[in-house]
Amino acid sequence: MSESMSFSQLALPEPILRAVLELGYEHPSPIQEAAIPKLLAGEDLLGQAQTGTGKTAAFALPLLARLDPAQNDPQILVLAPTRELAIQVAEAFQAYARYMPAFHVLPLYGGQNYTTQLKALKRGSQVIVGTPGRIMDHLDRGTLVLDKLRAIVLDEADEMLRMGFIDDVQTIMDATPPGRQVAMFSATMPNQIRAIAQKHLKNASEVKIESKTSTVERIQQRYVMLDNNQKLDALTRILEGEEYDASIIFVRTKSATEEIAEKLGARGYAVACLNGDMNQAHREQTIRRLKADQLDVIVATDVAARGLDVERISLVINYDIPYDSEAYVHRIGRTGRAGREGKAILFVSPRERRLLRTIEHATRQPIEKMSLPTGQVIEQRRIESFRAQLAQTIEAKNLSFFQDLVNDWREKLETTDVDMAAALLYMAQKDQPLNVANQFPEIREPHSRDRDDRAPSSGRDKFARGDRPERSGDRAERGDRPPRPRRELKGDYTNYRIEVGKEHGVRAGDIVGAIANEANIDSQFIGNIKLFDHFSTVELPANIPAETMQHLKKVYVRKQKLNISVDTGSPATSSAPRRERTERSDGSPGPRPGAAPRAPRKPRD
Ligand code: AMP
C-alpha cells in the first residue's frame, strides 16, 4: 500500500471523488492505484485480483468517469458469474455515481421477472451488470442493444469459466462494438482466460498485485469465517472471551472506525477511533491515552495506524480483510512488540476465502480457523472478572460503613449473609449479567456452495443454495466444466428421471445447473447422474416439494422439457432400451458427441 497516494490524485471527476470520500474511503487500494489511471486513459486492462482487494471500484470509478451522461443507452456492461455479485456490483456503481445526475444502473440476472427487466431496459440505463445467461437472453430477444457500448468488464472471469459460461461470454463480447474498452478481472489466470484476453484485449496493461512474502513471528494467527452481518456480534464476543491487554481493530473506512467505536463505547469499552480525518494532535493524544491504560481498544484504518508502536497491544482484529498480504503483515505487526507474544484474528467472508489463502501463502504461516467464544466461556470470564473486582475491593477499600449496614440488615431482614450477598450480587451485575451461558446463540459459519467459496443467500428452503450461479434458459454449449465427483449421499434420496438424454447432447453439468438454479437445490444435494440415449436419471432428495417438481417439469435443458418424474427403473416409460452412457472413472460424463448447435433461448420465467 502506498503511503502517499490519495483519491484526489487520481484525476477522478469531482462528483465521483465526492461520493468516494463520503463513503469513507481514505486511500485507494493497491489494485485501484494501479488500475484506475490506465482505465481512465482508455486502455484495456487485465487485472489479477481477488474479492476483497477493492477490484470493483478499480473498474467502476474510471469507467464512470468516462461515461457520457447525456446518453441513456447502455455504455458499460459488466458480466459477473452470479446474481449476488451482479447485484453487489450494481450497488457499488450506484453508490459511486450518486452525484452523477440522471445516472441509471440496471442489474440483469436469471430468476428475476422479465417484465420488470424489460420495463427497466426501456427506461434506459447507462450501466448494465448482468450474468451471462440473462444477458444472452436479452440479446437474443433484441431487448438489449449494445451498439453504444463504450466498455465491457468481465468480473471474476475465472469463475465464469469454471461455471461453464465462457462460450456465452465470448458470444457477448463478439456482439459489442469493436472500439469498446475491455477490462478483465480474474483471481487466477488459467490458459483459457489468457486466450480470451489475447483475443479481445488490445495492448492491454496487466495489473497484478504481487504478494511479497514476509515472515511474521511470535504472533498467533487465526481466522473466523462469517458473513458481514455477523461481524459485530463476533467482535464483541472476542473482546469478551479472549485474553488481551489492549486491542486494535482494523476496518476499511473512516466511517466504520467511528461506527464501531461508538457501538463498543455503548457496550462499556474504553475505546477510541484512529482515522485519517483526525489531525496529528488528536491522533497523538489517542495514542497517549492507549499507552496510559485509559483506552483498551482502538478502531483504526490501515494508514492511520501505520507505525503505531504500543507494547500493550496484544490482540489485532482484522474486522475487514486487508487488501493484500503486505497490509496484513503491517496490521498484525502492531502486536508482538518488544518481544512480547501477540494474537491476530482475521474475519473472512466466504467470498474472501481466496484472499485468505493468498495471505497465508505470502506470510508462509498457517492461519488457523478458530471458533468464537461460547456463552459458557463468556460467563466464566465475567464471573472471574467480577470476583477479581470483589477481591480488590475487599483488599483496598475501607468497608466499615458498609459492614455496619450489613450487620444491621441481617437482623432487620432476618436473613443470612449468603442470601444478602447473593441479592447484592444480583443487583450489582444487572448491567453486565453473569448468568449468560445460554444467551449467546451459536454464530453459524456460512456454508459455501459445493466446490465454491460463496456466501449463502437468504436461504428460502432447506436446500437453498448460496451465491447462485446463473445459467441460461436453454443450457447449450458448456465447455471446460470440472469433472463432477461421484457422490456418497446421506439421507433419503430418490432416483428421478428427466426427459433429456445423450441424443440431445446433454451433459451432467447441464443437469446440475438446471436443477440447482431452477429448484434452488444446492448442488451438494444433487447425486449421481446417469445419461441414457433418450433420457437421464438423477438422484435427488426424496422430499422435494410438489410445487418445485411442477416447476422442474417445465424447465428446458437442451431444448427438451425435463418432465421430471420419479424413476420407476423400467425402460417401459421410454421408447428406447436403458443404455447407459459410459462415464469416466471420476464420474464425469465422457466426451461430448460433437458440439451441439447453439439453440435459440427459451425464457425461464
Ligand atoms: P471488492 O474487492 O471490490 O469486493 O471490495 C471489497 C470492499 O472494500 C467493498 O466493501 C468496498 O466498499 C470496499 N472498498 C473498496 N475500495 C476501498 C477503499 N479504497 N477504501 C475503503 N474501502 C474500500
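### Re the overall build of the chain
(1) Moving on: Across its full length, the chain holds 19 helices and 20 strands.
(2) Moving on: Across the 605 residues that make up the chain, the buried fraction comes to 53%.
(3) Moving on: Looking at the chain alone, contacts between residues at least 24 apart form 78% of all its contacts between residues at least 6 apart.
(4) Moving on: Within the structure as shown, the chain displays about 27500 Å² of accessible surface, and the carbon and sulfur contribution to it stands at 49%.

### What about the confidence of the model for the chain?
(1) Moving on: The predicted model of the chain has a mean per-residue pLDDT of 85, with 85% of residues at 70 or higher.
(2) Moving on: The low-confidence segment residues 449-487 (pLDDT under 50) makes 186 contacts with residues lying over four places distant or belonging to another chain.
(3) Moving on: In the predicted structure, residues 581-605 sits below a pLDDT of 50 and forms 71 contacts with residues beyond four places in sequence or in another chain.

### Regarding the packing of helix H10 (residues 231-241) against helix H11 (residues 254-266)
(1) Moving on: Here H10 crosses H11 at 50°, and the two axes come no closer than 12 Å. By the angle class used here, H10 and H11 are oblique. For the pair H10 and H11, the crossing hand works out as right-handed. Contacts between H10 and H11 involve Leu232, Leu235, Thr236 and Leu239 from the former and Ile260, Lys263 and Leu264 from the latter.
(2) Moving on: In terms of residue class, the contact of H10 with H11 is built from 5 nonpolar, 1 polar and 1 charged.

### Remarks on the site of the ligand
(1) Moving on: Taken together, 15 residues surround the ligand, and among them Tyr25, Gln32, Gly54, Thr56 and Arg252 come closest.
(2) Moving on: One of the backbone N or O atoms of Gly52 is found 2.8 Å from an oxygen atom in the ligand.
(3) Moving on: Separating an oxygen atom of the ligand from a side-chain N or O atom of Arg252 is a distance of 2.5 Å.
(4) Moving on: Relative to its unbound accessible area of 500 Å², the ligand is 80% covered by the protein chains.
(5) Moving on: Placement of the ligand is best described as lying within the largest pocket.
(6) Moving on: Grouping the amino acids of the shell around the ligand by side-chain chemistry returns 4 nonpolar, 9 polar and 2 charged.
(7) Moving on: When residues of the shell around the ligand are sorted by domain, at least three fall in each of domain 1 (7-208) and domain 2 (219-373).

### Focus: empty space enclosed by the protein
(1) Moving on: Applying the stated rule across the entire model yields 3 cavities of 30 Å³ or more.
(2) Moving on: Taken as a whole, the largest cavity spans an internal volume of roughly 100 Å³.
(3) Moving on: For the largest cavity, the lining is made up of 12 residues, of which Glu26, His27, Arg252, Asp302 and Tyr323 are closest to its centre.
(4) Moving on: Its residues assigned to classes, the lining of the largest cavity shows 6 nonpolar, 3 polar and 3 charged.

### Side note on the nonpolar core
(1) Moving on: Phe59, Leu61, Leu64, Phe93, Phe103, Val129 and Phe185 are the most contacted members of the largest nonpolar core, which has 42 residues in total.
(2) Moving on: Counting residues per element, the ones that place at least two in this core are helix H1 (14-22), helix H2 (30-40), helix H3 (55-65), strand E2 (76-79), helix H4 (83-96), strand E4 (127-130), strand E5 (151-154) and strand E6 (181-186).
(3) Moving on: The residues touching Phe93, leaving out its near neighbours within four places in the chain, are Phe59, Ala60, Leu64, Ile76, Val78, Phe103, Val105, Val127 and Val129.
(4) Moving on: In this structure, Ala246, Ile321, Ile332 and Leu346 belong to the second largest nonpolar core, which totals 32 residues.

### Focus: the sheet that holds E6
Neighbouring strands of a sheet are bound in pairs by backbone hydrogen bonds; such pairs are parallel or else antiparallel.
(1) Moving on: Spatially, the 7 strands line up as an open sheet ordered E3-E4-E2-E5-E6-E1-E7, and their pairing is parallel. For this open sheet the edge positions go to strand E3 (105-108) and strand E7 (205-208), each flanked by a neighbour on one side alone. On average, each strand axis in the sheet is tilted by 15° relative to the strand beside it, whichever way the strands run.
(2) Moving on: Two strands pair when backbone bridges link them, and E5 and E6 are joined in this way by 4 bridges, in the parallel orientation. Bridging across to E6, Leu154 finds its partner in Met184.
(3) Moving on: Helix H8 (residues 166-174) rests against E2, E5 and E6 of the sheet, and its axis sits at about 170° to E5.

### Description of the pattern of salt bridges
(1) Moving on: Evaluation of the coordinates by the stated rule reveals 28 salt bridges.
(2) Moving on: One salt bridge in this structure joins Arg382 and Glu240, with 2.5 Å as the shortest N-O distance. Residue Arg382 is located in helix H15 (residues 375-396), and its partner Glu240 is located in helix H10; the two are separated by 142 residues in the primary sequence.
(3) Moving on: Across the salt bridge formed by Arg312 and Asp296, the nearest N and O atoms sit 2.7 Å from each other. With Arg312 in the loop between strand E11 (297-300) and strand E12 (313-318) and Asp296 in the loop between helix H12 (280-291) and E11, the pair connects residues that are 16 residues apart, well separated along the chain.

### Remarks on the side chain of Ser349
(1) Moving on: Inspection of the secondary structure assignment puts Ser349 in the loop between strand E13 (342-348) and helix H14 (353-363).
(2) Moving on: Its relative accessible area of 10% is what places Ser349 among the buried residues.
(3) Moving on: For Ser349, the contacting residues outside a window of four places in its chain are Met225 and Leu226.

### A short note on a nonpolar patch on the surface
(1) Moving on: Judged by side-chain polarity, Trp409, Leu413, Leu424, Tyr426 and Met427 come together as a nonpolar surface patch covering roughly 560 Å² of accessible area.
(2) Moving on: Of all the elements in the fold, those that place two or more residues in the nonpolar patch are helix H16 (400-413) and helix H17 (417-428).
(3) Moving on: Residue contributions to the nonpolar patch peak at 3 residues, all from H17.
(4) Moving on: Along the chain, Trp409 falls in helix H16.
(5) Moving on: According to the relative accessible area criterion, Trp409 is partly exposed, its value standing at 34%.

### Some details on the packing of H3 against H4
(1) Moving on: At their nearest, the axes of H3 and H4 sit 10 Å apart, and the two run at 45° to each other. Classified by the angle their axes make, H3 and H4 are oblique. Here H3 runs over H4; the crossing is right-handed. Only Val89, Ala92, Phe93 and Tyr96 of H4 make contact with H3, whose side of the interface consists of Thr56, Ala57, Phe59, Ala60, Leu61 and Leu64.
(2) Moving on: Taken together, the residues that form the contact of H3 with H4 break down as 9 nonpolar, 1 polar and no charged.

### Quick notes on the packing of aromatic side chains
(1) Moving on: If you walk through the whole model with that rule in mind, you get 7 aromatic pairs.
(2) Moving on: Look at Tyr319 and Phe347: their rings are 5.7 Å apart centre to centre, the planes differ by 50°, and that puts the pair in the tilted class. Here the residue Tyr319 occupies a position in the loop between E12 and helix H13 (325-332), and Phe347 occupies one in strand E13, the gap between them amounting to 28 residues.
(3) Moving on: Given a relative accessible area of 10%, Tyr319 falls into the buried group.
(4) Moving on: For the ring pair Phe532 and Phe535, a centre distance of 4.8 Å and an interplane angle of 10° mean the geometry is stacked.

Reading guide: rules and limits
Residues numbered from 1 in each chain as written. Predicted model: local features only at pLDDT ≥ 70, side-chain atom pairs only at ≥ 80, totals over all residues. Heavy atoms only, no water. Helix = DSSP H or I, 4+ residues; strand = E, 2+ residues; numbered from the N terminus. Buried < 20%, exposed > 50% of the residue type's maximum accessible area, 1.4 Å probe, protein only. Contact = heavy atoms within 4.5 Å. Areas by Shrake-Rupley, 256 points an atom, 1.4 Å probe, with all protein chains shown as cover. pLDDT = per-residue confidence, 0-100. Axes fitted to C-alpha atoms, helices over the stretch in contact; angles between N-to-C directions. Parallel < 35°, antiparallel > 145°, perpendicular 65-115°, else oblique. Left-handed = near helix turned anticlockwise from the far one by under 90°. Nonpolar A, V, L, I, M, F, W, Y, C, P; charged D, E, K, R; others polar. Near = heavy atom within 4 Å. Polar contact = N/O pair within 3.5 Å; in protein donor to acceptor, adjacent residues only side chain to side chain. 1 Å grid on protein atoms, 1.4 Å probe; cavity = no way out; pocket = protein on both sides within 12 Å on 5 of 7 lines; lining within 4 Å. Sits in = over half its atoms within 2 Å of the grid points. Domains from an automatic or database assignment. Points joined across faces, edges and corners; volume = space filled by probe spheres on them. Core = buried A, V, L, I, M, F, W, Y, C linked by side-chain atoms within 4.5 Å. Pairing = 2+ DSSP bridges. Salt bridge = Lys/Arg side-chain N within 4 Å of Asp/Glu carboxyl O. Patch = residues over 30% accessible without salt bridge, like charges linked within 9 Å, V, L, I, M, F, W, Y side chains within 5 Å. Phe/Tyr/Trp six-rings, centres within 6.5 Å; stacked < 30°, edge-to-face > 60°.

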